[in-house]
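What the coordinates show
Each chain, letter by letter, is given below.
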Amino acid sequence: IETPVFRKNSGQWDAQILYRLSSGHTSIAFYKNKIQFGLRKIKSQKLKKGQNPDNVSYAIWDMVLENSQANLSLQAEGIKDSKVSYFRGNNEQGMLAEDFEKLTYKNVYPHIDLVFYLDSRQTLKYDFIVNPGGNFEDIKLNYQGVKKLKLDLKGNLQITTPWGNKLKEGKPVSWQIIEIGRAHV
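Bear in mind the structure is a predicted one, so any value in this text is a computation, not a measurement.

Turning next to unusual backbone geometry. With the exception of glycine, most residues fall at negative phi, and the peptide bonds are largely trans. One non-glycine residue with positive phi stands out, namely Asn-67, at about 55°. Along the chain, the position of Asn-67 falls in the loop between strand E5 (56-65) and strand E6 (73-86).

What follows is about the pattern of salt bridges. Using the criterion set out here, one finds 4 salt bridges in the structure. One salt bridge in this structure joins Lys-34 and Asp-62, with 3.3 Å as the shortest N-O distance. Placement of the pair is Lys-34 in strand E4 (residues 34-42) and Asp-62 in strand E5, with a sequence separation of 28 residues. Residues Asp-113 and Lys-106 are paired through a salt bridge, measuring 3.5 Å at the closest nitrogen-oxygen approach. For Asp-113, a relative accessible area of 12% puts it in the buried group.

Turning our eyes to something else, we now look at the side chain of Asn-156. Along the chain, Asn-156 turns up in the loop between strand E11 (148-151) and strand E12 (157-160). A polar contact is formed between the side chain of Asn-156 and the backbone nitrogen of Lys-171, at a distance of 2.8 Å. Among residues more than four places away in sequence, those in contact with Asn-156 are Lys-150, Leu-151, Lys-168, Glu-169, Gly-170 and Lys-171.

Here the focus is the packing of aromatic side chains. According to the stated counting rule, one finds 7 aromatic pairs in the structure shown. Residues Phe-30 and Phe-116 carry aromatic rings whose centres are separated by 5.1 Å and whose planes lie at 70° to one another, so their mutual orientation is edge-to-face. With Phe-30 in strand E3 (residues 26-30) and Phe-116 in strand E8 (residues 112-118), this pair connects stretches of sequence that are 86 residues apart. With a relative accessible area of 0%, Phe-30 lands in the buried category. Centroid distance Tyr-105 to Phe-116: 6.2 Å. Interplanar angle 65°. Geometry classified as edge-to-face. A residue pair is termed long-range when its members are at least 10 positions apart, and Tyr-105 in strand E7 (residues 95-109) and Phe-116 in strand E8 qualify at 11 residues. On the basis of relative accessible area, Phe-116 is assigned to the buried category, the value being 0%. The side chain of Lys-41 reaches across the aromatic face of Trp-163, ending 4.4 Å from its centre.

By size, the foremost hydrophobic cluster in this structure holds 26 residues, and its most contacted members are Phe-30, Ile-35, Tyr-105 and Phe-116. At the level of elements, strand E2 (19-23), E3, E4, E5, E7, E8 and E12 are the ones that each hand at least two residues to this core. It is E7 that contributes the most residues to this core, 5 residues altogether.

Calculation rules
Residues numbered from 1 in each chain as written. Predicted model: local features only at pLDDT ≥ 70, side-chain atom pairs only at ≥ 80, totals over all residues. Heavy atoms only, no water. Helix = DSSP H or I, 4+ residues; strand = E, 2+ residues; numbered from the N terminus. Salt bridge = Lys/Arg side-chain N within 4 Å of Asp/Glu carboxyl O. Buried < 20%, exposed > 50% of the residue type's maximum accessible area, 1.4 Å probe, protein only. Polar contact = N/O pair within 3.5 Å; in protein donor to acceptor, adjacent residues only side chain to side chain. Contact = heavy atoms within 4.5 Å. Phe/Tyr/Trp six-rings, centres within 6.5 Å; stacked < 30°, edge-to-face > 60°. Lys NZ or Arg CZ within 6 Å of the ring centre and 35° of its normal. Core = buried A, V, L, I, M, F, W, Y, C linked by side-chain atoms within 4.5 Å.

Below, the structure written as structure tokens:
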């Protein structure tokens, strides 16, 4: 099983996609001001040898960084040893795509960064880093293409995909880094 990584777009995908994370039937594309989530499923596994599955369906939705700053930048950190070559059209030399451990949207909002990473269970996580001078109330996420959004009794965000699958984002947690570690605020 391939470990998910943040792969840089070196020309193998649409030019608006800056990085992509793929794992199994899930693909997450990182654009300048949005993150696009995609799920893929094959409707029928009964294919004859050599036959392409034309019965694939996709559920796609976006998490748009509303009112984000025009000067935000997306930076990758923790380059991995792995590299992948993509061959497209008549390009015999291919495109070399680098893999990374973490992505940071710098300056999404004034003095606020957004960091994406994988936890120890290889689950995608993200943190908004509110630096001195930043205001957490500037953070606005607009989910487009989902069937339903709902907060549960514990404060978790329940996302119903276009297929009706329910996904959960944990409730927001905030902390401040002090000399002895993290202090919840």
